[in-house]
Amino acid sequence: MANTNVNQNVEQAQQQFASVFAGPARSIAGKMLDYTQKLTNVQREAFDTYSEIGFRQMRSALDIRNSEDLRSYMEEQQDAAKKVGEQMKSDMEKVSSINQEFMQQSQEVTQDAMQRGQEAAQQNMERGQQKLQEVAKEGEKEVDKAAQDAKSTSKK
């Protein structure tokens, strides 16, 4: 019977560990991986866009042959600067959104893990109190039995 209780306690401890620590850790790791992938995609897209704008401007610079081409190139530079500014704003909004999403998901996982931890602690406390009461009752029975034996012995 004692071996069965030990096995049950070990199994329950393993389940609690998985529920309170291992499960949330895997969940956070998965969310971090998703977060990193999303950020990498935004960075890659931004790099492609900025590179395209830069190369286009460099090619335009190579096509300058006269003052009219130079004037046209300068106007294109203003448009390119505007596009880069808009792209940067868009990229920052994407990154901010990704960060907010990750923070929200992380908070949810953390709160869930804390709730599970509190529930596990409460269950362990209740089981400990129950076991303590059982041991106290067993002790009382032993004391009563010893008292009965002492009475019987003293009467003889």
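In what follows, the structure referred to is the one given above.
My aim in this report is to walk through the structure given alongside it, one point at a time. If you're wondering where the values come from, they're calculated on a predicted model, not measured in any experiment.

**Comments concerning the overall build of the protein chain**
For the protein chain, the count of helices and strands is 2 helices and 0 strands. Taken against the 2.2 N^0.38 rule, which gives 15 Å for 156 residues, the C-alpha radius of gyration of the protein chain at 36 Å runs more than 25% over that of a compact globule. Expressed as lengths along the three principal axes of its C-alpha atoms, the size of the protein chain is roughly 130 × 25 × 15 Å. Looking at the protein chain residue by residue over its 156 residues, the buried ones come to 13%. Within the protein chain, counting contacts between residues at least 6 apart in sequence, those at least 24 apart form 80% of the total. Distance between charge centroids for the protein chain: 8 Å, based on 21 positive and 25 negative side chains.

**Topic: the pattern of salt bridges**
Side chains that differ in charge, positive against negative, can pair when their charged atoms come close. On inspection of all chains with the given rule, the structure shows 7 salt bridges. The salt bridge involving Glu-101 is made with Lys-38; its shortest N-O contact spans 3.0 Å. In this pair, Glu-101 sits in helix 2 (residues 67–155) while Lys-38 sits in helix 1 (residues 2–62), placing the two residues 63 residues apart along the sequence. We classify Glu-101 as partly exposed; its relative accessible area is 30%. Between Arg-116 and Asp-112 there is a salt bridge, and its shortest N-O distance comes to 2.7 Å. Highlighted residues: Arg-116 and Asp-112, both in helix 2, separated by 4 residues, approximately one helical turn. On the accessibility criterion, Asp-112 (36% relative accessible area) is partly exposed. Each member of the salt-bridge network shares a partner with another, and the members are Glu-68, Arg-71 and Glu-75.

**Focus on the side chain of Gln-57**
Following the sequence through the fold, Gln-57 ends up in helix 1. Apart from residues lying up to four places away in sequence, Gln-57 is in contact with Tyr-73, Glu-76, Gln-77 and Ala-80.

**Re the environment of Glu-11**
With respect to the helices, strands and loops of the structure, Glu-11 is situated in helix 1. Residues Glu-11 and Thr-153 lie 142 residues apart in sequence; the distance between their C-alpha atoms is 46 Å.

**Details of the environment of Asp-91**
Mapped onto the fold, Asp-91 is located in helix 2. Placed 54 residues apart in sequence, Asp-91 and Lys-145 show a C-alpha to C-alpha distance of 80 Å. If near-sequence neighbours (up to four positions away) are discounted, Asp-91 is found in contact with Val-42, Ala-46 and Tyr-50. Among the polar contacts listed, one links the side chain of Asp-91 to the side chain of Tyr-50, at a separation of 2.7 Å.

About the criteria used
For every chain, the first residue of the written sequence is number 1, and numbering continues from 1 onward in sequence order. Given that the model is predicted, a residue must reach a pLDDT of at least 70 before its local features are reported, and side-chain atom pairs must reach 80 or more before they are shown or counted; all residues, however, enter totals for whole chains, interfaces and linings. Side-chain metrics in this entry use all non-hydrogen atoms of the structure; hydrogen atoms and water are not considered. The helix and strand labels rest on DSSP assignments: H or I over at least four residues marks a helix, E over at least two residues marks a strand, and numbering proceeds from the N terminus. Only C-alpha atoms enter the radius of gyration, while the globule expectation follows 2.2 Å times N to the 0.38, with N the number of residues. Burial classes follow relative accessibility: with a 1.4 Å probe on protein chains only, a residue under 20% of its type's maximum area counts as buried, one over 50% as exposed, and anything between as partly exposed. Throughout, a residue-residue contact means that at least one pair of heavy atoms, one from each residue, lies within 4.5 Å. Positive charges are assigned to Lys and Arg, negative charges to Asp and Glu, while His and the chain termini are left out of the count. By convention, the point assigned to a charge is CZ for Arg, NZ for Lys, CD for Glu and CG for Asp. What makes a salt bridge here is a side-chain nitrogen of Lys or Arg within 4 Å of a carboxyl oxygen of Asp or Glu, nothing more. Contacts described as polar in this section are N or O atom pairs within 3.5 Å, which, within protein, must combine one atom able to donate a hydrogen with one able to accept it, while residues neighboring in sequence count only if both atoms come from side chains.

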